[in-house]
Amino acid sequence: MQIDKKKARSYREFLYILPFIILVGLFSYFPLYGWIYAFHDYRPPFPISSETFVGLKWFSYIFSNPVRTADVLRVLRNTFAMSGISLLFSWFPMIFAVFLNEIRCRPYQKFVQTVTTLPNFISWVLVFSIAFNVFGSAGAVNTVLMDLGLITKPISFLKSSEHIWFKMWLWLTWKNAGWAAIMYLAAITGIDEQMIEAAKVDGATRMQIIWHITIPSILPTYFVIVMLNIASFLNNGMEQYYVFQNAFNQDYIEVLDLYVYNIATSGTGNYPLSTAISMLKSVVSVILLTGTNAVSRMIRGEGFI
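All residue numbers refer to position in the chain's written sequence, counted from 1. Confidence filtering applies because this is a predicted model: local features only for residues at pLDDT of at least 70, side-chain atom pairs given and counted only at 80 or more, and all residues used for totals across whole chains, interfaces and linings. Side-chain descriptors were evaluated using all non-hydrogen atoms of the structure, hydrogens and water having been removed beforehand.

Draft legend 1. Layout of helix H5 (residues 106–117). Helix numbering and strand numbering both begin at the N terminus, where a helix is a DSSP run of H or I of at least 4 residues and a strand a DSSP run of E of at least 2. By definition here, a helix of n residues has an expected span of 1.5 Å times n minus one. Here H5 spans 16 Å end to end across twelve residues, near enough to the 16 Å set by a 1.5 Å rise per residue. Exposure categories follow from relative accessible area, calculated using a 1.4 Å probe and restricted to protein chains: below 20% of the type maximum is buried, above 50% is exposed, and the middle band is partly exposed. Restricting attention to buried positions, one finds in H5 the residues Gln-109, Val-112, Gln-113, Thr-116 and Thr-117. An end-on view of H5 places all buried positions within 120 degrees of arc, on one side of the element. For H5, the exposed residues set more than 90 degrees away from the buried face come down to Pro-107, Lys-110 and Phe-111. Looking at the buried residues of H5, the elements they touch are helix H4 (92–101) and helix H8 (164–189). The arc refers to the directions leading from the helix axis to the C-beta atoms. The contact definition used throughout considers only heavy atoms, calling two residues in contact when any of these lie within 4.5 Å.

This is how it looks when you write it as structure tokens:
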């Protein structure tokens, strides 16, 4: 009877997660059928069954065509640069969460947390609208600077390619820092209060408690997040860069995901080539994920997959 109850509970719990498994299959695995386009000379609107099978033609084209190879290297440079900056400053949400937790006025703490978390739910289109109204040629910043007589003509903040990688990181941090801090705040709540109280009895200051208790306690969470970021090093999305790209900064803002999109939606609409590049990116991402998981097992004694 006890065994039957355990089985019934297992079946019931499986049914709880079954809808989510179906959704993952529909949106993450079913679209992989589209990889078949990389092996055909596909041209819309004809069905794929009527197109010529060309094998690895488009994969070899990436490396045999000097112009295409230069383009791929350029977007890889941008992708590595922007992902590298995000990885270099990945500690920022952790430190932000630590100091947010130290705010003693709870209403003010909740206010700061809410204000910094809300941008995560704003689309990148709206973020660019804010950026355009604040930093555009006729935006608030240029208007104020010209009224004060500090500049004679508007500064092209959004049209310039200077420091574009760092500016993209700033917008990404503004949008996601509050949301990313939630995981660290949850880790902080799991710290044993007795250790903190014992440290206070021993005369430890707040900074000493942060340095010797809080940060070491949440470092495992930080390392897991860093390893996941390394595994998804090439997957830095395209929405942000799509809305901020223009003719002046495209050479430095076009990342791999955006490059794949631009190839597929260009005038020629080269779907096979864009699919081939996307497939190679997926293969590299799986290799990175496997490698970081192996490193995690060596360092922490356990993996995350």
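Draft legend 2. Quick look at the packing of helix H10 (residues 206–231) against helix H14 (residues 271–300). For helices, the axis comes from a line fit to the C-alpha atoms of the stretch in contact; other axes are also lines fit to C-alpha atoms, and the angle between any two N-to-C directions lies between 0 and 180 degrees. In contact at an axis separation of 8 Å, H10 and H14 are set at 155 degrees when each is read in the N-to-C sense. Accordingly, the angle class assigned to the pair H10 and H14 is roughly antiparallel. Viewed along their axes, H10 and H14 form a crossing whose handedness is right-handed. Contacts between H10 and H14 involve Val-224, Met-227, Ile-230 and Ala-231 from the former and Ser-285, Leu-288, Leu-289, Thr-292, Ser-296, Ile-299 and Arg-300 from the latter. Amino acid classes used here: Ala, Val, Leu, Ile, Met, Phe, Trp, Tyr, Cys and Pro are nonpolar; Asp, Glu, Lys and Arg are charged; the rest, including Gly, are polar. Split into classes, the residues belonging to the contact of H10 with H14 amount to seven nonpolar, three polar and one charged. If an angle is under 35 degrees, it is roughly parallel; if it is over 145, roughly antiparallel; if it lies from 65 to 115, roughly perpendicular; otherwise it is oblique. The hand of a helix crossing depends on one turn: near helix anticlockwise from the far one by less than a right angle means left-handed, and clockwise means right-handed.

Draft legend 3. Just the side chain of Thr-79, in detail. Examined against the element boundaries, Thr-79 turns out to sit in helix H3 (residues 66–88). Take Thr-79: its relative accessible area is 0%, and that puts it in the buried class. In the analysis that follows, any N or O atom pair within 3.5 Å is treated as a polar contact, provided that within protein one partner can donate a hydrogen and the other can accept it, and provided that, for residues neighboring in sequence, both atoms belong to side chains. Engagement of the side chain of Thr-79 in a polar contact is seen with the backbone oxygen of Val-75, the distance being 2.7 Å. Beyond its immediate sequence surroundings of up to four residues, Thr-79 is in contact with Phe-233, Leu-234, Asn-236, Val-255 and Leu-256.

Draft legend 4. Region of the structure containing unusual backbone geometry. Here His-163, not a glycine, exhibits a phi torsion of approximately 55 degrees, which is positive. Along the polypeptide, His-163 turns up in the loop between helix H7 (140–147) and H8. Assessed through its relative accessible area of 63%, His-163 is described here as exposed.

Draft legend 5. Layout of the pattern of salt bridges. Salt bridges are defined as contacts in which a side-chain nitrogen from Lys or Arg sits within 4 Å of a carboxyl oxygen from Asp or Glu. Taken as a whole, this structure holds seven salt bridges when the rule is applied. For Arg-74, the salt bridge is made with Glu-254, and the minimal N-O distance between the two is 2.9 Å. Placement of the pair is Arg-74 in helix H3 and Glu-254 in the loop between helix H12 (250–253) and helix H13 (256–265), with a sequence separation of 180 residues. Taking relative accessible area as the criterion, Arg-74 reaches 17% and is therefore assigned buried.

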